[in-house]
Amino acid sequence: MAATDTPTLPTEGGGEIPLKSEFRESLSFLDILCANQFEGEQIESAEALKAESDFYKGAPPTWMNFYLGDINESSTAEEQATHHIKREGYKRLIKQIKFQLQADLSVTATKLLHQPGTGGTTLAMQVLWDLRKKLRCAVLIDPSCDKLVTGKPVQKDPLLDTRTIAKQVIQLFKEGGLNHQTTVLLLQDNEHTRYSLQESIIKEIAEQEINANIPVVIILKCKRMIFISDDHDDVSLCSELTTKEEGYFAAKEKHIQSHHREQPGRFHSFDIIRHNFDRGHVESIMCSNDGKEMIGYLKRNKSSHRTKLFAFIALICSYVPGSYLLQSVCESFHNNFCADDRGLSFEEIIQPFRQFIVTFSKQGGKYKCVRIAHPVLAHQFVELLADIGVKRSTATLKFLQYLCRKQIQPSLLQFFKDLLTKRERTADGKERFSRLIIDIENNEDISTCIVVLKNASETFKYDPFYPQSLARFYYSRTTDFGKAEEWALKAKERVPTNSFIADTLGQVHKNHLNKAIKRLKEKDILTIAEKAINAFKQEEDLAEKEVNNMLDENITKVFNNRGLFGYLQVAKIVHDSLTNLHPKWKDILTHAISSQQLTELLKNINLPKYKSVITDLKDGVHTKCEFFDSYLTYSDPMNSENEPPYLRPEIMDCYSKYTSLSSKEDAGPLQKLKEKRASTFPGLFSILNQNGKQSSLNEITELWKKLFQGMPEDEDVACNYILANIILSNEAEGVPLTDLKTILQRFMDEDMAKHHTPEFYLLVLLLFWPENVQGQNNINLNKYVGPMRQAFEKKYKIYLQSRELVPLFYLGRGAGLNKLVHKSKLDHIREQLKTSQTGRRSDGDMLKQTSIQDILLRVQGVSRDHKTFVCVAGQEIEVCPHKQASVPRPGVISFFLGFNISGLMAFNIRYSTEHQSKPVQPATSSKNDMAIEKTNSGCSNSTTCSQAIKSQCEYLYK
């Protein structure tokens, strides 16, 4: 095979530029697909037949497979189908990518979800191959994943990798200079989907000040999943062919039979799909001559190390689809245990199973890999081996024994972790243990599961996930909570700073408390509860340190709230169990009795040492419930899977248990507000989110009025009173806007050095946002936007940085308080639209609906230097885009304006086609404008608008 053409990259105009070898090699994380891949090369027929044969047997597809399909294509569509089988979803993927190429977004992503062995990777690579002359196509790889290491494995920081990958992707986009750039289509396949790339690429674009008129990167995420729900808009491939696909595979079968006559019945991967993943066909494979020969060998040699090697290959290919062993590891395993035939070649080692094993190369032949032809076939072998006495646990333990003394394949570390600790999502939720552990439990016994997890923990001495799984197994499958605690502590010792690992210890004690509650007395309940509370408090401290450390490094980190939630769960169990023992405990836990009475009572029942635990519970519950009020009101998870459905109900239930008093006669306004969950700023929002009735809103507003009248100088009370009136205005007439402004202005006139809360600044923006976009505003809003962002970063950022901030209000078309459209109104419209239309829709899609656009006001602004500004009432104010990728270049824009707890947010951003070619100049300031006070607004151009900008803003509104 000799190349005659220089490798090339496509350009936006349809041309091509040379791809220099040194540049290609420098992009170590990317396997780049050239625009002219294989063009000018002479491929021998034997090489072409082998490439086809390997693929049909079950090896991963290579670019040569797609090239051969192209050059073999015939003129009719039916004949073409015999060369290129494009499963359902191909056209939709192509359509989505073409749609994203037209979007005003610098970075976008699309997903392909596929069940194991259904051809998902093949489909994704087919898309890249067909678009290689228009887009710069590349596959994400890990250059070190199969480099053998000894001793303690190097712990790579995936965040560092993510930054490096982002830089390399941008380099690929920029190659050739400004006039030759074009969009990168990046395939993020299966084992690399744990990298969160999108945010890193967007940051890199901003840092390198790239202003592009085309999308910079489109990420195609190809994700393998055992269970795929119907509740998604992604392209998916399942293990069932359509009628049309069955026809394509039948035609392809004839082509294979005519071109590969020497290997009939041995293209197992193709045949399994061709027969629609039918179990009966898999059983027929076992009854073939190859199958009978292999089964005979296994029965005769079930104790041999060849059999155990084959058993482990089958095991990982069944339970971790997409996994493989390096050929060198297979040889090492065999030679390590088989002294008598140590000199055998790999082909001789696998001789009894050779027809069911495929070998393939990775990273240009650097690594030789081995796997079973298809996951369905691998699972059949696992069951066969178990039937003849080679159990799942036997194969796992033997390979763990080997790994104790030999070099480790880094990718195998991840395969093992998935094999023994990865919990799959099912239709009913998430499994408590990996599929292998569940099958060992069902087909062998609980004690064997413990032995396997113990051995794994001892083999991988630095990994906390194995002892963590073992601790979880002890507390959920046995009643040995002592052992569970022992292994939870071992997991914690391995990574003392990891809050998620620390959570296991709290879960051990919480489960102990929950399972043994019916036979425990007060003392036992409080003893175990104290252990659980201390563990969850330690976890909470670690979680705060984690996100603070990440904040210093400018890295986004998910805040672990399990410690706070675990505390509430324990508090709820304690309340229920103690009040069941004696009703008097309700008054004790809610502080309805005096501290002196409590001291005497505890002495009488011999529990004085638990006084602090008992008295701290109510305040602890209130503090943590207030945290969740803010957390759940001000933000949503990026991924709905991260927030379990039981979270809110359990928090509300626990809060009510520690707030509701037995006697309500002497309850004051604040106590009544607490019982209504309306005693805090976010709590008031939650009332509206739950569709609070007007009568209830009236009562809540009156209660806040009483408190405000008694404490008119208390800023927090004033803010809550104002918000109650704003919320009430959504349903009925309340206090006029001018009166609310007067109340707030008293605090606004104070020295700005005072540290106001984000909630205070939110009210300033809501009340003083100008109604006349071309007129003047009596306050400089920039004076409050920057401090609001700073107040948010101080109070909430570490908790909410990985979540999506919720727009609490949108700017509407009304006047006065009616210009504020609460999100609950839009949520109601969304629910109606979801009911009437099939499929899920994102917020971005919803904002395109006429029924929503009719009530929102589209405002005008500009984008420059990767920042967004709204032009209103002679001012230019920085706004945070809902999607940073939606402002890829300078220009005149329009958008819907939202108000969240960090400030202003722009939704549904559109560029003005009329002014797109005109450069947007930075704001300049006149002498009068410079005289107006400036503050740290977080916006580099956030002085008040000069006359030039005022004119520009007025022009935008014409």
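This structure is a prediction, so every number in the text was calculated from the model and none was measured. (Residues numbered from 1 in each chain as written. Predicted model: local features only at pLDDT ≥ 70, side-chain atom pairs only at ≥ 80, totals over all residues. Heavy atoms only, no water.)

A. Molecular detail of the overall build of the protein chain. For the protein chain, the helix and strand inventory stands at 42 helices and 22 strands. Out of the 958 residues in the protein chain, the part that is buried amounts to 54%. Nonlocal contacts in the protein chain, meaning residues at least 24 apart in sequence, comprise 73% of its contacts between residues at least 6 apart. Taken as a whole, the protein chain presents about 42,600 Å² of accessible surface, with 47% of it coming from carbon and sulfur. (Helix = DSSP H or I, 4+ residues; strand = E, 2+ residues; numbered from the N terminus. Buried < 20%, exposed > 50% of the residue type's maximum accessible area, 1.4 Å probe, protein only. Contact = heavy atoms within 4.5 Å. Areas by Shrake-Rupley, 256 points an atom, 1.4 Å probe, with all protein chains shown as cover.)

B. Region of the structure containing the confidence of the model for the protein chain. On average, residues of the protein chain score 86 in pLDDT, and 87% of them are at 70 or above. The model gives residues 915–958 a pLDDT under 50, and that stretch makes 85 contacts with residues more than four places away or in other chains. (pLDDT = per-residue confidence, 0-100.)

C. The pairing of strand 5 (residues 136–140), seen in detail. Here strand 5 lies mainly inside the structure; five of its five residues are buried. Covered by surrounding structure in strand 5 are Arg136, Ala138 and Leu140 together with Cys137 and Val139, the residues of both alternating faces. Pairing of strand 3 (residues 30–33) with strand 5 involves four bridges; the strand directions are antiparallel. Note that in strand 5 the partner of Asp31 across the bridge is Val139. One ladder, built from four bridges, connects strand 5 with strand 6 (residues 184–189); its direction is parallel. The residue bridging Cys137 from the neighbouring strand is Leu185, located in strand 6. (Pairing = 2+ DSSP bridges.)

D. Quick look at the pattern of salt bridges. With the rule as written, the count across this model stands at 28 salt bridges. Residue Lys133 is joined to Glu16 by a salt bridge in which the shortest nitrogen-to-oxygen separation is 3.7 Å. Of the two residues, Lys133 sits in the loop between helix 6 (120–130) and strand 5 while Glu16 sits in strand 2 (residues 16–18), which places them 117 residues apart along the sequence. A residue is classified by how much of its surface remains accessible, and Lys133, at 36% relative accessible area, is partly exposed. Classification of Glu16 as partly exposed rests on a relative accessible area of 39%. (Salt bridge = Lys/Arg side-chain N within 4 Å of Asp/Glu carboxyl O.)

E. Layout of the packing of helix 34 (residues 737–748) against helix 35 (residues 758–768). In the contact formed by helix 34 and helix 35, the axes pass within 10 Å of each other and the chain directions differ by 140 degrees. When the interaxial angle is binned, helix 34 and helix 35 end up oblique. Crossing hand, helix 34 versus helix 35: left-handed. Residues Leu737, Leu740, Lys741, Leu744, Gln745, Phe747 and Met748 of helix 34 form the contact with helix 35, whose participating residues are Phe760, Leu763, Val764, Leu767 and Phe768. (Axes fitted to C-alpha atoms, helices over the stretch in contact; angles between N-to-C directions. Parallel < 35°, antiparallel > 145°, perpendicular 65-115°, else oblique. Left-handed = near helix turned anticlockwise from the far one by under 90°.)

F. Spotlight on the packing of aromatic side chains. In the structure shown here, the tally under the stated rule is 40 aromatic pairs. For the ring pair Phe55 and Tyr56, a centre distance of 5.9 Å and an interplane angle of 40 degrees mean the geometry is tilted. Joined through ring pairs, the aromatic side chains of Phe312, Phe333, Phe337, Phe399, Tyr402, Phe416, Phe460 and Tyr466 make up one cluster. One Lys or Arg, Arg677, reaches over the ring of Tyr655 and ends 5.1 Å from the middle of that ring. (Phe/Tyr/Trp six-rings, centres within 6.5 Å; stacked < 30°, edge-to-face > 60°. Lys NZ or Arg CZ within 6 Å of the ring centre and 35° of its normal.)

G. Structural view of the sheet that holds strand 5. Read from one edge of the open sheet, six strands run 3-5-6-7-4-8, paired in mixed fashion. Here the strands that pair on one side only, and so sit at the sheet edges, are strand 3 and strand 8 (235–237). Each strand of the sheet is rotated relative to its neighbour by a mean of 20 degrees, with strand direction disregarded. Sheet contacts for helix 5 (residues 90–102): strand 4 (107–114), strand 6, strand 7 (217–224) and strand 8; angle to strand 4, the most-contacted strand, approximately 170 degrees. Along the sheet face, helix 8 (residues 198–207) touches strand 4 and strand 7 and points at about 165 degrees away from the line of strand 4.

H. Examining the sheet that holds strand 9 (residues 325–326) more closely. The three strands lie next to each other as 9-11-10, forming an open sheet whose pairing is antiparallel. In this open sheet, the two edge strands, each paired with only one partner strand, are strand 9 and strand 10 (357–362). Summarising the sheet, strand 10 and strand 11 (residues 367–372) pair through six bridges and their orientation is antiparallel. Within strand 11, the position partnered with Lys362 by the bridge is Tyr367.

I. Here's a closer look at the nonpolar core. Ile726, Trp769 and Phe899 are the most contacted members of the largest nonpolar core, which totals 117 residues. Residues in contact with Ile726, not counting those within four places in the same chain, are Leu740, Leu763, Leu766, Leu767, Phe809, Leu817 and Leu820. Counting residues in hydrophobic clusters, the runner-up holds 95 residues, among them Ile295, Val329, Tyr367 and Phe416. (Core = buried A, V, L, I, M, F, W, Y, C linked by side-chain atoms within 4.5 Å.)

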